[in-house]
Amino acid sequence: MTDIKGKAASVEFRNVTKVYPNARVAAVDQVSLFVEPGRLVTLLGPSGCGKTTTLRMIAGLEMVTSGQILIGGEDVSALPATDRDVSMVFQSYALFPHMSVRENVEFGLKFSGFAKQEIGDRAIAGLKLVGLDGFGERLPSQLSGGQQQRVAVARALVLEPQVLLFDEPLSNLDAKLRRHVREEIREIQQTLGLTVVYVTHDQEEALAVSDRIIVMNNAVIAQEGTPRDLYDAPASAFVADFIGEANLLDCEIRRVDGETATVALGPVTLSLAARGLPVGPGRLAIRPDRIEIAPAGTPNSLPATLKKVTYAGSHLECVVQSGAGEIFAICGDVDAPIKAGDAVGLSFPARGPVLIVP
Amino acid sequence: MAVGWLGFAVLPWYGLESNFFAFGWLSRGYPMEPELAPALFLVGQGKTPWLAPMALLLALPLLAWRRQKSDPFFATLLITVGALGLVWFFLQGYGIGLRGWRFEWMTALFGELGDRQFGMGYGALLVGGSFLFLMSLGIAARGAVGGDVFVVSSIVFVVAMVTLFIFVPILQMLANAMLTDKGGYSLGSFGGKLFAARLWGLDCLSGSGRCGVAWNSLFLAIVVGIVTTLLGLVFALVATRTSMGFRNALRALTVLPIITPPFVIGLAIILLFGLSGAVNQGLAEVFGYQPTRWVYGLPGLLIAQVLAFTPIAFLVLIGVVEGVSPSMEEAAQTLRANRWQTFVHVTLPLIRPGLANAFLLGFIESMADFGNPLVLGGNFDVLSTEIFFAIVGAQYDQAQAAVLALVLLAFTLTAFYAQRFWLGKKSYTTVSGKGDAGVHPPLPRPVALAIFTIAGLWIVFTVIVYATIFYASFVRLWGIDNSLTLAHYIQAFSVGWNEFGIHWSGSAWSSFFTTIMISLISAPLTAVIGLITAYLLVRQNFRGKQGFEFGTMLSFAIPGTVIGVSYVIAFNVPPIELTGTGIILVLSFIFRNMPVGVRAGVASMSQLDKSLDEAALTLGANSFQTFRKVILPLLRPAILAALVYSFVRAMTAISAVIFLVSARYDMATSYIVGRVENNEYGIAIAYATMMIFVMLVVIGLMQLAVGRRDIGRRDIGGDPQKAGWRSNVSLPAGGANQAIAGGG
């Protein structure tokens with residue numbers, strides 16, 4: 001029995017720039033990044049940020065304008081897609097509609113110089129891996145969306161590529177199926193130890209599936225780190241706002257002692273990581289679920305008035321008017337006896353607010 | 001390179017008079033006899049020293065042997081060799097005119113020429129081809145288009161073909177237009193011919209005499225363009241926006257004119273309204289006046305051309321009208337526009353490009369139409385017939401023909417530009433990848449009534465016209481002796497037995513078989529070139545792509561008459577000496593019908609999601625494998641449409657063909673026109689009827705072969721969709737339609 005294995009290799013960008021013909025601004029501007037072998041790294045960002053271009057440059061579907069791309073330590077910048085050991089799962093799946101599922105999976109194998117027997121075995125192993133053995137003779141049109149997606153994955157996997165690319169693979173699936181398929185993808189990636197670069201604009205998907213996330217904005221990397229890093233300590237207003245939700249509030253940095261800064265938010269004094277910021281006006285990002293709604297007058301709390309309380313099943317969504325501006329907060333206790341018009345105090349747990357670059 | 005040497009050293013350099021594939025040349029003194037010898041032997045014998053540099057150039061690539069492809073030396077060498085080779089190739093080809101060297105310095109270099117140079121043969125073809133290939137290898141190696149040899153050589157190939165068989169002939173025609181009677185070149189003589197009163201006179205406006213030929217053509221073409229566009233729109237609306245059973249009848253009827261040789265409609269008009277025409281005589285009897293010749297001239301031409309070209313406008317417009325996404329109209333209605341406002345403010349503007357296209361086609365078709373004016377024109381002379389008489393008439397004035405052809409070309413190109421200008425850069429694409437549900441809203445009532453009336457009348461009229469043709473083919477002598485007979489068929493298509501087996505004794509068989517053969521050869525070639533071009537246009541990015549696109553689209557604005565004239569002028573002399581061969585017919589069909597293949601390909605290829613190609617590429621297939629394994633199979637409907645259409649067009653074409661036929665390669669259409677000129681209407685009509693049936697059978701067979709109902713219809717792309725192809729592929733909606741309507 002043939003097994004599908006991973007041949008994971010690293011991916012490295014060195015100052016890669018891509019300018020499309022007839023475009024004035026670069027689609028990707030001086031980007032350098034490194035993806036360790038066997039890791040799943042997500043490129044996350046709003047549409048038009050350059051993440052898909054980055055992915056397509058790894059695939060060889062777009063050529064760099066300047067800079068170098070290395071796969072497994074080798075410079076592949078000048079190689080076309082055909083000659084790179086990379087395969088890709090497309091957003092539309094791009095299954096060939098005139099070929100059966102098996103023929104689709106065998107397609108790439110045929111051009112890789114495998115013996116006939118081997119091609120068949122690998123195709124079967126690939127389909128088995130995604131749980132579609134027995135579907136080989138069907139046409140892609142006879143499969144559901146989720147099944148088509150898995151065929152696309154199998155087709156890419158059987159080549160045992162050095163790097164496997166996913167271009168928004170879940171965007172054509174409905175919400176329930178999404179979670180299921182993304183878990184499957186993650187499982188296959190971890191079992192086979194594949195290097196995967198994954199593009200998405202859905203931050204929740206990115207948080208759930210990745211070892212590391214690279215957030216892109218306006219053709220450059222805005223921040224990179226583990227999902228927890230990005231969520232808990234966004235570096236900029238953009239990242240804070242793009243990943244999850246965040247209240248962005250103006251504050252005053254009173255004092256900096258090495259790594260620790262003393263920050264004043266209205267009457268509240270907070271002790272936070274300084275992140276290299278100087279004394280003076282600053283900016284805070286606070287997650288809505290990291291805000292406690294306490295009774296008015298609680299020590300070291302921000303006095304505020306509840307403007308709106310919305311029941312959302314698992315939690316309450318509150319809009320609060322405070323001296324620092326309007327704040328959005330989530331209250332986990334659905335039975336909390338609060339209502340619009342109440343005067344409350346907002347208090348902030350230690351790991352709640354984060355200083356960001358103003 | 002090996003191929004190049006094969007051409008240089010083994011195959012005869014010059015064109016042979018007998019058939020190459022008969023291999024008779026092997027036994028007639030080959031390889032030493034100069035007429036048959038390959039270039040290598042010619043050089044060796046010192047007879048044609050000017051071929052020697054090519055041997056050197058062909059040997060040079062050996063230097064690149066075993067070098068890396070990425071080595072800059074490799075690329076530079078190949079490009080230099082290829083380019084130099086090509087330049088020298090054509091220099092020596094065109095350098096030798098009919099009367100020795102064209103240029104003084106060449107005479108000085110090689111001495112006086114004893115004999116004339118013949119047209120190039122297969123040997124030369126291979127050498128030229130290999131230079132082209134070497135050059136594209138070099139360009140690819142330099143990293144153009146991602147270093148893709150297949151794409152680069154396709155581009156180079158298409159560019160070379162289009163240049164050689166469209167631009168060069170036209171340029172040579174331009175040069176010929178300046179030719180004086182004595183054989184020199186002169187702008188004065190060109191100007192004299194260009195501004196002649198016969199062309200541009202405006203006497204008819206003041207009521208004295210006739211207008212210039214150019215004005216006649218222009219006026220006729222504009223009117224025909226407008227009328228056919230309007231009628232086409234009417235039918236398109238009937239077919240898509242009403243629930244009438246009309247629909248299928250309409251679609252069936254529109255196939256007829258496409259498979260009808262264009263002038264046959266003219267014939268039918270004569271039979272109906274001519275001096276001894278049925279309607280004309282009937283009316284004359286009823287109202288008691290002398291039958292007149294009113295139909296000859298502008299009125300008859302108008303009727304005939306409108307009848308002949310409306311289906312083309314219909315096919316263009318139905319694609320566009322169907323392409324307007326219903327959700328657009330539904331959106332307009334939910335925004336409180338009533339039916340009429342929706343139609344005027346949303347639907348009409350969205351189909352504007354279709355209207356412009358339909359008009360352009362009607363205009364060009366009318367300009368290029370040759371058969372109808374010949375049959376029906378009377379004293380109303382138009383450019384196309386004028387060109388014909390300048391070449392075949394007593395005057396035999398190639399320069400005059402060239403000037404006229406240039407005027408014709410200028411008109412169509414202007415129309416082509418005007419259309420582009422009018423459409424500007426606005427995007428009219430409404431159909432997104434996702435399938436739109438929704439229904440087209442019904443038309444406003446007065447509009448619906450009006451279009452039903454018009455469509456009904458037109459259908460009745462078309463039926464009458466075709467019934468007339470069919471009936472007339474059995475009538476002994478229309479209007480004089482109305483008894484029925486099979487004589488015409490027997491004369492044209494009788495089959496006898498003699499000692500050699502079947503004897504095709506009918507007078508039409510020879511041209512009939514030639515036509516079928518030429519059409520069968522040219523159809524697949526047309527489809528191949530068209531699809532490759534379409535692939536390059538839709539899927540590849542390369543420098544000069546816009547120019548490339550423009551060049552290929554340009555050939556679509558060149559009327560057949562012009563192609564005919566320019567081929568006669570360009571390929572009558574070495575180096576490419578083709579007049580009187582079947583090859584020139586095939587070539588003219590390929591380049592006349594190529595835009596059709598391109599359009600069919602572009603239309604359906606842009607419906608294929610690009611990620612399909614990219615998937616294949618990332619899976620390790622190269623661009624040629626991608627083209628062959630992924631794109632071609634998915635384009636089957638478009639290929640079929642292009643095949644059928646170029647076949648049918650080749651069977652019915654007349655405008656270019658009439659200049660290119662020879663005694664040996666006579667085509668059905670020119671044979672029929674010949675019979676008409678001799679007033680043998682019976683045979684002409686019988687032959688035309690026969691051709692209509694043959695083509696119906698051919699089309700029917702092709703449909704059977706692929707199990708589809710109707711050719712040139714939306715259903716061509718329909719089947720796979722019914723089978724439920726998802727997300728990636730919504731196959732050519734209207735792609736095939738545009739294909740059918742595409743050629744000028």
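Not measured: the values here are computed from a predicted model.

**So, the overall build of chain A**
Stage number 1. Check the secondary structure of chain A and you find eight helices and 20 strands.
Stage number 2. Reported as C-alpha extents along the three principal axes, the dimensions of chain A are approximately 75 × 45 × 40 Å.
Stage number 3. When the 358 residues of chain A are sorted by exposure, 43% land in the buried category.
Stage number 4. Partitioning the contacts of chain A with sequence separation of at least 6, the portion at a separation of at least 24 is 67%.

**Concerning the overall build of chain B**
Stage number 1. Across its full length, chain B holds 34 helices and six strands.
Stage number 2. Scored against the burial criterion, the 744 residues of chain B give a buried share of 49%.
Stage number 3. Long-range contacts, defined here as pairs at least 24 residues apart, represent 75% of the contacts in chain B between residues at least 6 apart.

**A word on the environment of Ile69(A)**
Stage number 1. You can see Ile69(A) is positioned in strand 4 (residues 66-71).
Stage number 2. Each C-alpha atom, one on Ile69(A) and one on Ser32(A), is 9.2 Å from the other, the two residues being 37 residues apart in sequence.

**So, unusual backbone geometry**
Residues and elements named next belong to chain A.
Stage number 1. A positive phi angle is found at alanine 219, which is not glycine, with a value near 75°.
Stage number 2. By the element assignment, alanine 219 lies in the loop between strand 9 (212-217) and strand 10 (220-225).
Stage number 3. If you check the backbone angles, arginine 275 has positive phi at about 55° while not being a glycine.
Stage number 4. Structurally, the position occupied by arginine 275 is in the loop between strand 13 (268-273) and strand 14 (280-286).

**Some remarks on the interface of chain B and chain A**
Stage number 1. Between chain B and chain A, the contact holds 26 residues from the first and 23 residues from the second.
Stage number 2. Going through the elements one at a time, helix 27 (610-618) and helix 28 (623-634) of chain B are the ones with two or more residues in the side of chain B that touches chain A.
Stage number 3. With seven residues, helix 27 of chain B is the single largest residue contributor to the side of chain B that touches chain A.
Stage number 4. The residue makeup of the side of chain B that touches chain A, split by class, is twelve nonpolar, ten polar and four charged.

**With respect to the pairing of strand 17 (residues 316-322) of chain A**
Residue and element names in this part refer to chain A.
Stage number 1. Pairing analysis gives seven bridges linking strand 16 (residues 302-311) to strand 17, with the strands arranged antiparallel. Pairing of leucine 306 across the sheet is with valine 320, part of strand 17.
Stage number 2. The hairpin turn running from strand 16 into strand 17, its antiparallel successor, is four residues long, and glycine 313 in that turn takes a positive phi close to 85°.
Stage number 3. Two strands pair when backbone bridges link them, and strand 17 and strand 18 (residues 325-331) are joined in this way by seven bridges, in the antiparallel orientation. The residue bridging leucine 316 from the neighbouring strand is cysteine 331, located in strand 18.
Stage number 4. Between strand 17 and strand 18, which pair antiparallel in sequence order, lie two residues.

**Remarks on the sheet that holds strand 1 (residues 11-18) of chain A**
Residue and element names in this part refer to chain A.
Stage number 1. Read from one edge of the open sheet, four strands run 2-1-4-5, paired in antiparallel fashion. Both edges of this open sheet fall to strand 2 (28-35) and strand 5 (74-75), since each of them pairs with a single strand only.
Stage number 2. Bridge count between strand 1 and strand 4: five bridges; the pairing is antiparallel. By the bridge assignment for strand 4, phenylalanine 13 is matched with isoleucine 69.
Stage number 3. Lying over the sheet, helix 1 (residues 51-59) contacts strand 1, strand 2 and strand 4, oriented at roughly 120° with respect to strand 1.

**Examining the domain arrangement of chain A**
Stage number 1. Each domain of chain A was delimited in the assignment, giving domain 1 (11-232) and domain 2 (245-356).
Stage number 2. Put simply, the middle of domain 1 of chain A and the middle of domain 2 of chain A, counted by C-alpha atoms, are 39 Å apart.

**Looking at the sheet that holds strand 13 of chain A**
Residues and elements named next belong to chain A.
Stage number 1. Strand order in this open sheet of five strands is 13-12-11-14-20, and the pairing throughout is antiparallel. Both outer strands of the open sheet, strand 13 and strand 20 (354-356), are each paired with one neighbouring strand and no more. With direction set aside, neighbouring strand axes in the sheet form an average angle of 45°.

**A closer look at helix 19 (residues 383-392) of chain B**
Stage number 1. Burial within helix 19 of chain B is extensive, with eight of its ten residues counted as buried.
Stage number 2. All buried positions along helix 19 of chain B are accounted for by Leu383(B), Ser384(B), Thr385(B), Glu386(B), Ile387(B), Phe388(B), Ala390(B) and Ile391(B).

**Considering helix 25 (residues 560-570) of chain B**
Stage number 1. Among the eleven residues that make up helix 25 of chain B, eleven are buried, leaving the element largely enclosed by the rest of the structure.
Stage number 2. By the burial criterion, the buried members of helix 25 of chain B are Gly560(B), Thr561(B), Val562(B), Ile563(B), Gly564(B), Val565(B), Ser566(B), Tyr567(B), Val568(B), Ile569(B) and Ala570(B).

**Regarding the packing of helix 2 (residues 101-110) of chain A against helix 3 (residues 116-129) of chain A**
Residue and element names in this part refer to chain A.
Stage number 1. Two numbers describe how helix 2 lies on helix 3: the axes approach to 9 Å, and their chain directions differ by 125°. What the angle tells us is that helix 2 and helix 3 run oblique. Where helix 2 crosses over helix 3, the two elements pack in a sense that is right-handed. Side by side, helix 2 and helix 3 meet where Arg102, Val105, Glu106, Leu109 and Lys110 of the first sit next to Ile119, Arg122, Ala123, Gly126 and Leu127 of the second.
Stage number 2. Within the contact of helix 2 with helix 3, the residues separate by chemical class into five nonpolar, one polar and four charged.

**Side note on the nonpolar core**
Stage number 1. With 279 residues, the main nonpolar core has Leu165(A), Val197(A), Leu267(B), Leu317(B), Ala405(B) and Val565(B) as its most contacted residues.
Stage number 2. Top element by residues in this core is helix 14 (residues 298-323) of chain B. It accounts for 16 residues.
Stage number 3. Setting aside chain neighbours within four positions, we find Val565(B) in contact with Met173(B), Ile387(B), Ile391(B), Ala401(B), Ala402(B), Ala405(B) and Phe659(B).

**Quick notes on the pairing of strand 14 of chain A**
Residues and elements named next belong to chain A.
Stage number 1. For strand 11 (residues 247-257) and strand 14, the ladder comprises seven bridges, and the chain directions are antiparallel. Within strand 14, the position partnered with leucine 249 by the bridge is leucine 284.
Stage number 2. Note that strand 14 and strand 20 share three bridges and pair antiparallel. Bridge assignment links alanine 285 to a residue of strand 20, and that residue is valine 354.

**Remarks on the confidence of the model for chain B**
Residue and element names in this part refer to chain B.
Stage number 1. Residue-level pLDDT values for chain B average 68, and 53% of them are 70 or greater.
Stage number 2. Looking over chain B, one finds the lowest element-wise mean pLDDT in helix 33 (residues 715-722), namely 34, and the highest in helix 10 (residues 213-241), namely 84.
Stage number 3. Note on residues 97-119: pLDDT under 50 across the span, and 30 contacts to partners over four residues away in sequence or across chains.
Stage number 4. Scored below 50 in pLDDT, residues 707-744 shows 123 contacts in the model against residues more than four places distant or in partner chains.

The rules behind the values
- Residues numbered from 1 in each chain as written.
- Chains lettered and ligands numbered in written order.
- Predicted model: local features only at pLDDT ≥ 70, side-chain atom pairs only at ≥ 80, totals over all residues.
- Helix = DSSP H or I, 4+ residues; strand = E, 2+ residues; numbered from the N terminus.
- Buried ≥ 20, exposed ≤ 12 C-beta atoms within 10 Å, placed from the backbone.
- Contact = placed C-beta atoms within 7 Å.
- Nonpolar A, V, L, I, M, F, W, Y, C, P; charged D, E, K, R; others polar.
- Pairing = 2+ DSSP bridges.
- Axes fitted to C-alpha atoms, helices over the stretch in contact; angles between N-to-C directions.
- Domains from an automatic or database assignment.
- Parallel < 35°, antiparallel > 145°, perpendicular 65-115°, else oblique.
- Left-handed = near helix turned anticlockwise from the far one by under 90°.
- Core = buried A, V, L, I, M, F, W, Y, C linked by C-beta atoms within 7 Å.
- pLDDT = per-residue confidence, 0-100.

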